[in-house]
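Listed below are the residues making up each chain.
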Amino acid sequence: MDQMFNRSYSIAGLTFCLQSDVEVYDSKEFSEFKESGEPDYQICFEKAEFPVWIEAPPIAKEMGFNVYRVAEGFLYEYRDVNGNPYAFSHVDLYQNKVTVKYLQNALQHISHARGAFFHIRWEELLLQKKRLILHACCVDTRYGGVLFSGESGIGKSTQGRLWCEYENAELINGDRPVIYEMKDEWYACGSPYAGSSKCHVNKKTKVAVIVLLSQAEKCSIKKVENQDAFKKIFSQLTIAAWNSRSIGSACDLIELMIDKIPIYEMQCTPDKTAVDLLKKTIEEEVSR
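Residues numbered from 1 in each chain as written. Predicted model: local features only at pLDDT ≥ 70, side-chain atom pairs only at ≥ 80, totals over all residues. Heavy atoms only, no water.

> Could you clarify how one ought to interpret helix α4 (residues 156–167) in this entry?
Helical geometry: 3.6 residues make up each α-helical turn, so side chains three or four residues apart lie on a common side. For α4, with twelve residues, the first-to-last C-alpha span of 16 Å sits near the 16 Å given by 1.5 Å per residue. Looking at α4, one finds that the buried residues are K156, Q159, G160, L162, W163 and E167. Looking straight down α4, one finds its buried side chains confined to an arc of 155°; they lie on one side. α4 presents R161 and E165 as exposed residues on the side facing more than 90 degrees away from its buried surface. Lining the buried residues of α4 we find β10 (136–141), β11 (144–149), β15 (204–215), β17 (263–268) and α7 (272–287). (Helix = DSSP H or I, 4+ residues; strand = E, 2+ residues; numbered from the N terminus. Expected span 1.5 Å × (residues − 1). Buried < 20%, exposed > 50% of the residue type's maximum accessible area, 1.4 Å probe, protein only. Arc of directions from axis to C-beta. Contact = heavy atoms within 4.5 Å.)

So this is what it looks like as structure tokens:
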């Protein structure tokens, strides 16, 4: 029997156990999340001699992969830049298992942790366990977690750094923190995906506020309620748009989240003025 290699990672309180017939090396950003324990998800990588052929048409086509509906879940067919298939992931959410069959030309894609996780559709696995990936910068402050969300380039990382500089905050994740509810409290935690910030701390913090950013010459802030908050949060999630079940689960979680977490929209400048305004707003929120 061929030698099997095992790696386990704990992210957002979930353990992903990777078993492969080729060694999967730790990517730098994943090394902080390496941890053993009872697996929540079993991931198996197996070499295949031939591609997996599906007669039915794909239900979705994304850049680099096609999605097919199969028994007990979905099959993802990954293709290289020349359009040739190189790996096939069967995501079985009922059995908490993902099987990835890869061809010889796939080794460069799956032999490191970051590549391996790309091929297991981990956003779907998180959502199955009621966890959301939010496009945001997360800092841990004396008030709790502050999440700055918004489009790329809007200034999320800048506001996070300002809080670290002026309020002694700790940067937890600069791009893709994971949010989940535990015992009627909402937490944000680091993930290996951190964008250009390259900050991915394996730590959780109770969420104090989510701030939706826009840039302006003067700072201002207002609370966002109900439907408007729902739409703005949904637009910043990492989610499979072709999976109606996932969309429904995400919508349910957002409704719970906006009922518990204050959501603000802030026009801000890249300086201490923005920090002072948000700090005052959080203190007023806490005192209510």
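Back to the text.
> Honestly, α7 in this entry has me stumped. Any pointers?
Look at α7: 23 Å from first C-alpha to last across 16 residues, which is about the 22 Å you get at 1.5 Å a residue. All of the buried residues in α7 are A274, V275, L278, T281, I282 and E285. Angular distribution of buried residues about the axis of α7 spans 135°; they occupy a single face of the element. In this structure, α7 carries K280 and S287 as exposed residues pointing more than 90 degrees from its buried face.

> How should I be thinking about the environment of P192 in this particular structure?
Here P192 lies in the loop between β14 (185–189) and β15. Once the C-alpha coordinates of P192 and V209 are considered, the two residues, 17 residues apart in sequence, prove to be 22 Å apart. Leave out the neighbours within four places in its chain, and P192 touches I11, E29, F30, F33, R114, W122 and H200.

> Quick question: what am I supposed to make of the packing of α4 against α7 here?
Geometrically, a packed helix pair is captured by the angle between its two axes and the distance between the axes. Their axes nearest at 9 Å, the elements α4 and α7 cross at an angle of 80°. Between α4 and α7, the interaxial angle falls into the category roughly perpendicular. Residues Q159, L162, W163, Y166 and E167 of α4 pack against K272, A274, V275, L278, K279 and I282 of α7. A per-class count over the contact of α4 with α7 returns seven nonpolar, one polar and three charged. (Axes fitted to C-alpha atoms, helices over the stretch in contact; angles between N-to-C directions. Parallel < 35°, antiparallel > 145°, perpendicular 65-115°, else oblique. Nonpolar A, V, L, I, M, F, W, Y, C, P; charged D, E, K, R; others polar.)

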